[in-house]
Amino acid sequence: MLEQLLIFTRGGLILWTCKELGNALRGSPIDTLIRSCLLEERSGAASFNYDAPGTAYTLKWTFHNELGLVFVAVYQRILHLLYVDDLLAMVKREFSEIYDPKKTVYSDFDDIFRQLRKEAEARAEEIKKAKQVDKPVSNNMGNDSGDGDDNVKVRKLEAHSKGSFVANRNAPAKGIANGKENGSSNNGAFDVNKLQKLRAKGGKKTDTIVNKVPKVETKKKITKKNRVWDDSPKESKLDFTDPVSENGDENIQIVAADEGESMMDKEEIISSESESEEDEDEEAEKGTKVETKKKGWFSSMFQSIAGKANLEKADLEPALRALKDRLMTKNVAEEIAEKLCESVAASLEGKKLGSFTRISSTVQAAMEEALVRILTPRRSIDILRDVHASKEQRKPYVVVFVGVNGVGKSTNLAKVAYWLQQHDVNVMMAACDTFRSGAVEQLRTHARRLQIPIFEKGYEKDPAIVAKEAIQEATRNGSDVVLVDTAGRMQDNEPLMRALSKLIHVNSPDLVLFVGEALVGNDAVDQLSKFNQKLGELSPSASPRLIDGILLTKFDTIDDKVGAALSMVYISGAPVMFVGCGQSYTDLKKLNVKSIVKTLLK
């Protein structure tokens, strides 16, 4: 049974709901659909499942893009109603005829909907009965024809195998009888005389090769006598490290003098330079295409005026296909690129194309809006403000760094610590990677160079207990922030994922940062989705903590392959809070959304 059907505008104004149904929906499936699908550019999906306490709903929807209307049907997931898609199409067609932007009440649509629902249900029943009638007939016919085909195939195979056997059996006799005449025609024939001749030739060739080998070796020895490798000058040792004392005091002064200000506070200078370069490139392209534009101005104008008024799916497919390929070349996961194109197609289908505009430019503009909407954080990512709020409550702000092996968690943890130090924040590191050899020593080196206290308990300890004791120590010492380093783990390693889930559950950190490489493509989807899935499944809490933010590393090595940022944000919904772009402590910056979108669509 249909639970509810709503018609509302893209601005959120509800125009009509079915009063006959009148069922009170449990939970908030419509709000969740808007937040999770319509605003997140997942509107290309066929349906959306919503789980509420004691029930489970399936939601289906369609758009009228020209009028800006959304039609949503809600029904129990267990029912599998066949007429919902047909009903939504009929409701969309009928309601668009009576729609008036100035009108907000459509009580006269109740009778129309009642009739449409009866028609859709009757049509679904007819299709269901037709399928039940056709099934036994088609099965019997299929079995008879299938058996006949199988018998024919078996006979053909038997005849073919017998024929081939006879041919192979007779071939040697023909080959030996006919000799050279049938040698070329019967490739599979076995000729003893030919084999003996080949052996004789092979023996002669091998003898000649053996005789020639010593001569070749002597020539090589003569050429090698002139080469002397020991007279080359000695290479200087490639060691640029500073002289380090045990306490490392001298090194700390050098770092403070040379490193300077973190790039987190310089993002605007970088973005302006990149935008100006892109503007120059666009101007250069315009200058080269002036003549061609002058020549084809009238013809392009005529084509744009004579083009289709409303966009159809077939019109959008070429532009979307080219856009999908472009996104995939920029390292966007194939699944994500396909979903984005489906969402853009759903938002443009049926929309009226403006005068003097091309379909490709319209599709690109819609995709640009969608990408900006996805990459822009939906909540505040100002960590400094959150740190000061925790400081007022007299408790440390805890950040846990998680991720797979070798992505640079410890290095970027030190970068974040350096940036927080510049803003007069007292930081303490917690060495909770008790699994990898050398992990504690690596973090200890960063702490010594930055003059930051570190809490460590060595190896083979429970990371959750180490983190808990570190937070208690930070509370006693008055540290503002605790940065927790964890062991790298693959998303499929259940024991390590269980340990990570326990660490997060026991210590309730303020921020769970997923550290991921900017080099990954399709694997980004697998990593983030399974990390969130395992953290949810293995947590003993009813409302488990998932990933709150993303730190992208090795961003300086990817050139224009920036698609991993989009893939990670799309699959998790978590914002990119930091971007690592080098090996020094200052190489940490914020994500420039406009620059990323321009690079993706360039």
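The structure this text deals with has already been given above.
Note that the coordinates shown come from a computational prediction; the quantities given were computed from them, not determined experimentally.

Novice: How would you explain the nonpolar core if you had to name every residue and give the values?
Specialist: Residues Met 367, Phe 401, Leu 420, Met 429, Leu 483, Phe 555 and Phe 578 are the most contacted members of the largest nonpolar core, which totals 109 residues. Filtering out sequence-adjacent residues up to four positions away, Leu 483 remains in contact with Val 399, Phe 401, Leu 413, Val 416, Ala 417, Leu 420, Val 427, Met 428, Met 429 and Ala 430. Among the nonpolar cores identified, the runner-up in size contains 26 residues, and Leu 2, Ile 7, Leu 81 and Phe 109 belong to it.

Novice: An account of the sheet that holds strand β1 (residues 2-9) is requested, with residue identities and associated values reported.
Specialist: Reading across the sheet, the five strands line up as β2-β1-β5-β4-β3 and stay open at both edges, with antiparallel pairing between neighbours. Both edges of this open sheet fall to β2 (14-17) and β3 (48-52), since each of them pairs with a single strand only. Ignoring strand direction, the axes of neighbouring strands in this sheet form an average angle of 25°. In this structure, strand β4 (residues 55-64) lies alongside strand β5 (residues 69-76), joined through eight bridges in antiparallel fashion.

Novice: I'd like to hear about the pairing of strand β9 (residues 481-485), residue by residue, with values.
Specialist: Among the five residues that make up β9, five are buried, leaving the element largely enclosed by the rest of the structure. Here β9 shows a buried face lined by Val 481, Leu 483 and Asp 485 and a second buried face lined by Val 482 and Val 484. When strand β6 (residues 397-402) meets β9, the two strands line up parallel, connected through five bridges. When the bridges of β9 are listed, Phe 401 appears paired with Asp 485.

Novice: Could you give an account of the pattern of salt bridges, with specific residues and numbers?
Specialist: Enumeration according to the criterion identifies 21 salt bridges in this entry. The partner of Arg 77 in a salt bridge is Asp 51, and the shortest N-O contact between them spans 2.5 Å. One end of the pair, Arg 77, is in the loop between β5 and α2 (84-98); the other, Asp 51, is in strand β3, and 26 residues separate them in sequence. Under the relative-accessibility criterion, Arg 77 is labelled partly exposed at 27%. With relative accessibility at 57%, the residue Asp 51 sits in the exposed group. Residues joined in a network through salt bridges with shared partners are Asp 492, Asp 526 and Lys 530.

Novice: Report on a nonpolar patch on the surface, specifying residues and quantitative values.
Specialist: On the surface, a cluster of nonpolar side chains totalling about 330 Å² of accessible area is made up of Met 1, Ile 78 and Leu 79. Among the structural elements, Leu 79 can be located in the loop between β5 and α2.

Novice: Lay out the sheet that holds strand β7 (residues 427-431) in plain terms, naming residues and giving numbers.
Specialist: In space, the eight strands of this open sheet follow the order β8-β7-β9-β6-β10-β11-β12-β13, with mixed pairing throughout. In this open sheet, the two edge strands, each paired with only one partner strand, are β8 (454-455) and β13 (588-589). Pairing of β7 with β9 involves five bridges; the strand directions are parallel. Within β9, the position partnered with Val 427 by the bridge is Val 481. Against the sheet, helix α13 (residues 409-422) makes contact with β6, β7, β9, β10 (511-517), β11 (549-553), β12 (576-580) and β13, and its axis sits at roughly 170° relative to β9, the strand it touches most. Along the sheet face, helix α15 (residues 463-477) touches β6, β7, β8 and β9 and points at about 160° away from the line of β7.

Criteria and cut-off values
- Residues numbered from 1 in each chain as written.
- Predicted model: local features only at pLDDT ≥ 70, side-chain atom pairs only at ≥ 80, totals over all residues.
- Heavy atoms only, no water.
- Core = buried A, V, L, I, M, F, W, Y, C linked by side-chain atoms within 4.5 Å.
- Buried < 20%, exposed > 50% of the residue type's maximum accessible area, 1.4 Å probe, protein only.
- Contact = heavy atoms within 4.5 Å.
- Pairing = 2+ DSSP bridges.
- Helix = DSSP H or I, 4+ residues; strand = E, 2+ residues; numbered from the N terminus.
- Axes fitted to C-alpha atoms, helices over the stretch in contact; angles between N-to-C directions.
- Salt bridge = Lys/Arg side-chain N within 4 Å of Asp/Glu carboxyl O.
- Patch = residues over 30% accessible without salt bridge, like charges linked within 9 Å, V, L, I, M, F, W, Y side chains within 5 Å.
- Areas by Shrake-Rupley, 256 points an atom, 1.4 Å probe, with all protein chains shown as cover.

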